[in-house]
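Observations on the model geometry
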Amino acid sequence: MSVVVGAELVTPRGATLAENVFFLRAGVRTTSPSPFVDADGEPLRVQYCPWLGAALPLSERLPRLVSAALRGVGPALPGDDRAVALHLVLDERVGADVVAALEALARESVARRTLRPAVVHRGAAGAFAALSAIDGDLADPAIGAAILVAVDSFLDEARLAEALLVPSPWARRAPSPSEGVAALILTDRDTARAHLRPVLAEVLHSATTVGEPGDDNDLPVDGWATTALLHGLAQQTAPIVAAFGQSAVDALRTQEWMYSAARTKERFSAYYQKLCLESAVGLLGAASGAASLAFLVGVARHEAFDVPSGEAGNLLAWAISPDRTRGLALLAVPDAAFRDAALGGGFDGA
């Protein structure tokens, strides 16, 4: 299985993964005036990266976000001469011109190494399809590492109108539209050891499936698709002590997780926590799944985690895409990440 040797996360709450972990742990709230108003002139609830401002179009915002994330993970790339695989996770509306720009940025970040053509995945659950594909990439001896980048932004009039003004069958007071990028560097354990790269997490399992209830219908939530994914996890001795995902985003995702976790309770610690990054940083769209993965790695790396029982265990990240795709990944992190930590309760917006 692949291992994570580098991770970065950029959101309106922090320009780095460490800032996101510690600012959220400390309850730091950053706000910027909303540049968007409704038909009555009232400000719309929107979060955005203040260092980018609010005027940049998506064609410039997305590359700027990705550039920042790649700078953060670049030093973790193993330093051999083998090729690097690239997986991009994007909203379905992102066109070929932006994909080419992001691929060019990644090519610059790997310097003289060969970068394989980008594989594009769509939607929040695309991050988990990417993880599965990366395992295949790393089985090729000609590929030494992989870069996974997921980026999205709602800072666009058309997208904001869709998110805020078009009623959803799952409507609730959702987190405000936002933007962000997550980047992960993955390789195999032997390569990490040979190039003295610390292993931040090991990907034990990753999978996706498609369910029936979705953002485009009002079918009753049954949770069976995500339940099937949880049943598909390899049997492990360590319980799941935390699940990072969209549990406080909307009724669809909240109920899906609630039902599926209840049906598979034997896989979870009695004290497990569910953490929803988007409840604090805003809706991340296609970047959500990878952002949960990066945030998971950061929380574990900095021991910003509270396990009431004191037991070690595995961590889970999950997401649901607008096209009804569900995805999850099970990760193992060094045991030390669960000892003497001090963050209580997590982020679940409830």
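In this report, we go over the structure that sits alongside the text. (Residues numbered from 1 in each chain as written. Predicted model: local features only at pLDDT ≥ 70, side-chain atom pairs only at ≥ 80, totals over all residues. Heavy atoms only, no water.)

For the rest of this paragraph, the subject is the packing of helix α1 (residues 17–26) against helix α10 (residues 288–301). In the contact formed by α1 and α10, the axes pass within 9 Å of each other and the chain directions differ by 70 degrees. As the angle between them shows, α1 and α10 are arranged roughly perpendicular. Contacts from Leu 17, Asn 20, Val 21 and Leu 24 of α1 reach α10 at Ala 294, Phe 295, Gly 298 and Val 299. Partitioned by chemical class, the residues of the contact of α1 with α10 number six nonpolar, two polar and no charged. (Axes fitted to C-alpha atoms, helices over the stretch in contact; angles between N-to-C directions. Helix = DSSP H or I, 4+ residues; strand = E, 2+ residues; numbered from the N terminus. Parallel < 35°, antiparallel > 145°, perpendicular 65-115°, else oblique. Contact = heavy atoms within 4.5 Å. Nonpolar A, V, L, I, M, F, W, Y, C, P; charged D, E, K, R; others polar.)

This part covers the sheet that holds strand β6 (residues 201–210). A sheet is described by the order of its strands in space; here 10 strands give the open sequence β3-β2-β4-β5-β1-β6-β10-β9-β7-β8, paired in mixed fashion. Lying at the two open borders of the sheet, with one neighbouring strand each, are β3 (119–122) and β8 (268–275). Taken over all neighbouring pairs, the strand axes of this sheet differ in orientation by 25 degrees on average, direction set aside. Examined bridge by bridge, strand β2 (residues 83–90) and β3 share four bridges and lie parallel to one another. When the sheet's bridge partners are listed, Leu 90 is paired in β3 with Arg 122. Against the sheet, helix α2 (residues 58–73) engages β1 (2–10), β4 (143–153) and β5 (179–188), with an angle of about 140 degrees to β4. (Pairing = 2+ DSSP bridges.)

Moving on to the pairing of β4. The buried fraction of β4 is high, at 11 of 11 residues. With seven bridges joining them, β2 and β4 adopt parallel strand pairing. From the neighbouring strand, Val 89 faces β4, where its bridge partner is Ala 150. (Buried < 20%, exposed > 50% of the residue type's maximum accessible area, 1.4 Å probe, protein only.)

Let's shift gears to the environment of Leu 24. With respect to the element layout, Leu 24 can be found in helix α1. Along the sequence, Leu 24 and Arg 13 sit 11 residues apart, while their C-alpha atoms lie 7.7 Å from each other.

As for its placement among the helices and strands, Glu 278 is situated in helix α9 (residues 278–281). An unpaired buried charge is present at Glu 278: no salt bridge exists, and Arg 253, the closest side chain of opposite charge, is 6.7 Å distant. Contact partners of Glu 278, with chain neighbours within four places excluded, come to Pro 175, Gln 246, Val 249, Leu 283, Leu 284, Gly 285 and Ser 288. (Lys, Arg positive; Asp, Glu negative; His and termini not counted. Salt bridge = Lys/Arg side-chain N within 4 Å of Asp/Glu carboxyl O.)

Contact geometry of α2 with helix α3 (residues 96–109) gives a least axis separation of 10 Å together with a crossing angle of 20 degrees. The orientation of α2 with respect to α3, classified from their angle, is roughly parallel. In the crossing of α2 with α3, the sense of the turn from one axis to the other is right-handed. Where α2 approaches α3, its residues Ser 59, Leu 62, Pro 63, Val 66, Ser 67 and Leu 70 are matched on the opposing element by Val 98, Ala 101, Leu 102, Leu 105, Ala 106 and Ser 109. Class assignment for the residues of the contact of α2 with α3 results in nine nonpolar, three polar and no charged. (Left-handed = near helix turned anticlockwise from the far one by under 90°.)

Glancing now at the packing of aromatic side chains. Throughout the structure, instances matching the rule amount to four aromatic pairs. Ring geometry for Phe 244 and Phe 295: centres 6.1 Å apart, planes at 70 degrees, overall edge-to-face. Of the two residues, Phe 244 sits in strand β7 (residues 240–244) while Phe 295 sits in helix α10, which places them 51 residues apart along the sequence. Like Phe 295, Phe 244 is buried. The interplanar angle of 50 degrees and the centroid separation of 4.7 Å between the aromatic rings of Phe 268 and Tyr 272 together place this pair among those described as tilted. The class of Phe 268 is buried, set by a relative accessible area of 8%. On the accessibility criterion, Tyr 272 (24% relative accessible area) is partly exposed. Residue placement shows Arg 159 over the ring face of Phe 154; its charged tip is 4.2 Å from the ring centre. Just above the ring of Trp 224 sits the side chain of Arg 263; from NZ or CZ to the centre is 3.5 Å. (Phe/Tyr/Trp six-rings, centres within 6.5 Å; stacked < 30°, edge-to-face > 60°. Lys NZ or Arg CZ within 6 Å of the ring centre and 35° of its normal.)

Among the nonpolar cores identified, the biggest contains 51 residues, and Leu 148 and Leu 293 are the most heavily contacted of them. A per-element tally of this core places α10 first, with nine residues. (Core = buried A, V, L, I, M, F, W, Y, C linked by side-chain atoms within 4.5 Å.)

Our next topic: helix α8 (residues 251–263). It helps to recall that an α-helix has 3.6 residues per turn; residues three or four apart then point in one direction. Over its 13 residues, α8 extends 18 Å from the first C-alpha to the last, a length consistent with the 18 Å expected when each residue adds 1.5 Å. Every buried residue belonging to α8 is among Ala 251, Leu 252, Arg 253, Glu 256, Trp 257, Ser 260 and Ala 261, and all of these are buried. Its buried side turned inward, α8 meets α7 (224–231), β7, β8, β9 (314–320) and β10 (325–332). Capping of α8 at its N-terminal end is provided by Asp 250; its side-chain oxygen lies 3.3 Å from the backbone amide nitrogen of Leu 252. (Expected span 1.5 Å × (residues − 1). Polar contact = N/O pair within 3.5 Å; in protein donor to acceptor, adjacent residues only side chain to side chain.)

We now examine the pattern of salt bridges. Taken as a whole and judged by the stated rule, the model has 13 salt bridges. Across the salt bridge formed by Asp 91 and Arg 159, the nearest N and O atoms sit 3.7 Å from each other. Note that Asp 91 is positioned in the loop between β2 and α3 and Arg 159 in helix α5 (residues 157–165), a separation of 68 residues in sequence. Exposure class is identical for Asp 91 and Arg 159. Each is buried. In this structure, Arg 107 and Glu 103 form a salt bridge, with 3.8 Å as the shortest nitrogen-oxygen distance. Of this pair, Arg 107 and Glu 103 both sit in helix α3, four residues apart, which is roughly one turn of the helix. The exposure class assigned to Arg 107 is partly exposed, which follows from its relative accessible area of 41%. We classify Glu 103 as buried; its relative accessible area is 16%.

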